[in-house]
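# What the coordinates show
Chain by chain, the residues:
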Amino acid sequence: MPSTSNPPELLRTERLLLRRARPEDALPLHGIMRQPQAMRYWSTVPHPDLATTQAFVASMINPPHEGSDDFIVEAEGRVIGKLGSWRLPDLGYIFAPDTWGQGYASEALAAFIAHRRAQGGGALTADTDPRNSASIRLLQRHGFVESGRAVRTWLVGGEWCDSIYWRLAL
Ligand SMILES: CC(C)(COP(=O)(O)OP(=O)(O)OC[C@H]1O[C@@H](n2cnc3c(N)ncnc32)[C@H](O)[C@@H]1OP(=O)(O)O)[C@@H](O)C(=O)NCCC(=O)NCCS
């Protein structure tokens, strides 16, 4: 029987370590989340200062709700991004642009999906901007199917963005 309690704090893959967030992750994560390229299709504008990323990390560490299962992703000791569910079942991820295209997100997502299955199934959901080809490809590769579309769902930095909704049954 899959267990629903005591989720593991660490997931290891061939190249990656997925672990829970710590306060000191704010600095490397800020190096990612301050970049317009990385935040192009995020739900907020690029983080303008370290304090914004510190608040983001604090919320990963102590989410204001039940049912969070979020991870910092490390490669060879370097924080290269985050992947997981800040609020289950919604999936969220961001990786450092200088690591894109090497299969890291795919490797981390495979581990997270297996981990969620081991926790007892259910589903994962995601919301992508229709222009975010890399994110869409990543989700499709891992079996997510489109469950709907909506326009003008996010107002970010004065620009309305649309959504494609995705779902993976576990
Ligand atoms: C989306 C993101 C996590 C992908 O990370 P990544 O480590 O480059 O992804 P991978 O190398 O594992 O590639 C995953 C798949 O996407 C494809 N892909 C990668 N970049 C792509 C691009 N620019 N256009 C189209 N497909 C792309 C890869 O070929 C791969 O597909 P495949 O398995 O069929 O070959 C990364 O681009 C990112 O951090 N983006 C900014 C944050 C973001 O938009 N998050 C999602 C919000 S919904």
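In what follows, the accompanying structure is described. Since the model is a prediction, treat every value here as computed from it, not as a measurement. (Residues numbered from 1 in each chain as written. Predicted model: local features only at pLDDT ≥ 70, side-chain atom pairs only at ≥ 80, totals over all residues. Heavy atoms only, no water.)

Moving on: the sheet that holds strand β1 (residues 10-12). Backbone-to-backbone hydrogen bonds pair the strands of a sheet. The strands run either parallel or antiparallel. Here 5 strands make up an open sheet; going across it, the order is β1-β2-β3-β4-β5 and the pairing antiparallel. What marks the edges here is a single partner per strand, and that holds for β1 and β5 (92-95). For this sheet, the mean inter-axis angle between neighbouring strands, taken without regard to orientation, is 20°. The pairing of β1 with strand β2 (residues 16-19) spans 3 bridges and is classified as antiparallel. Its bridge partner lying in β2, R12 is registered against L17. The strands touched by helix α1 (residues 26-33) are β3 (69-75), β4 (78-85) and β5; relative to β4, the strand with the most contacts, the crossing angle is about 80°. (Pairing = 2+ DSSP bridges. Helix = DSSP H or I, 4+ residues; strand = E, 2+ residues; numbered from the N terminus. Axes fitted to C-alpha atoms, helices over the stretch in contact; angles between N-to-C directions. Contact = heavy atoms within 4.5 Å.)

Among the nonpolar cores identified, the biggest contains 25 residues, and L16, V73, L83, L91, F95 and F144 are the most heavily contacted of them. Listed by contribution, the elements that provide at least two residues to this core are β2, β3, β4, β5, α3 (104-118), β6 (123-128), α4 (133-141) and β8 (159-169). At 5 residues, the largest contribution of residues to this core is made by α3. Once residues lying within four places of it in the same chain are set aside, the contact partners of L16 are L11, V73, E74, A75, I80, Y104, E107 and A108. Counting 14 residues, the second-largest nonpolar core is a separate cluster that includes A26, I32, I72 and V79. (Core = buried A, V, L, I, M, F, W, Y, C linked by side-chain atoms within 4.5 Å. Buried < 20%, exposed > 50% of the residue type's maximum accessible area, 1.4 Å probe, protein only.)

What follows deals with the pairing of strand β7 (residues 145-156). A regular strand carries its side chains on alternate faces of the sheet. Of all 12 residues in β7, 1 are buried; the element is thus mostly exposed. Pairing geometry for β7 and β8, over 8 bridges, is antiparallel. Counterpart to A150 in the pairing with β8 is S163. Connecting β7 to the next strand, β8, in antiparallel fashion are 2 residues, including G157 with a positive phi near 55°.

Bringing the layout of surface pockets into the picture now. Looking at the largest pocket, its volume works out to about 1,300 Å³. Among the secondary structure elements, those contributing two or more residues to the lining of the largest pocket are α2 (50-61), β4, β5, α3, β6, α4, β7 and β8. Broken down by element, the residue count for the lining of the largest pocket peaks at 5 residues, all from α4. Residue composition of the lining of the largest pocket, by class: 19 nonpolar, 17 polar and 10 charged. (1 Å grid on protein atoms, 1.4 Å probe; cavity = no way out; pocket = protein on both sides within 12 Å on 5 of 7 lines; lining within 4 Å. Points joined across faces, edges and corners; volume = space filled by probe spheres on them. Nonpolar A, V, L, I, M, F, W, Y, C, P; charged D, E, K, R; others polar.)

Around the ligand, the surrounding shell holds 19 residues, and the nearest of these are G101, G103, N132, R137 and R141. Measuring from an oxygen atom of the ligand, one finds a side-chain N or O atom of R141 at 2.7 Å. Burial of the ligand by the protein amounts to 75% of the accessible area it has alone, namely 950 Å². Here the ligand occupies the largest pocket. (Near = heavy atom within 4 Å. Polar contact = N/O pair within 3.5 Å; in protein donor to acceptor, adjacent residues only side chain to side chain. Areas by Shrake-Rupley, 256 points an atom, 1.4 Å probe, with all protein chains shown as cover. Sits in = over half its atoms within 2 Å of the grid points.)

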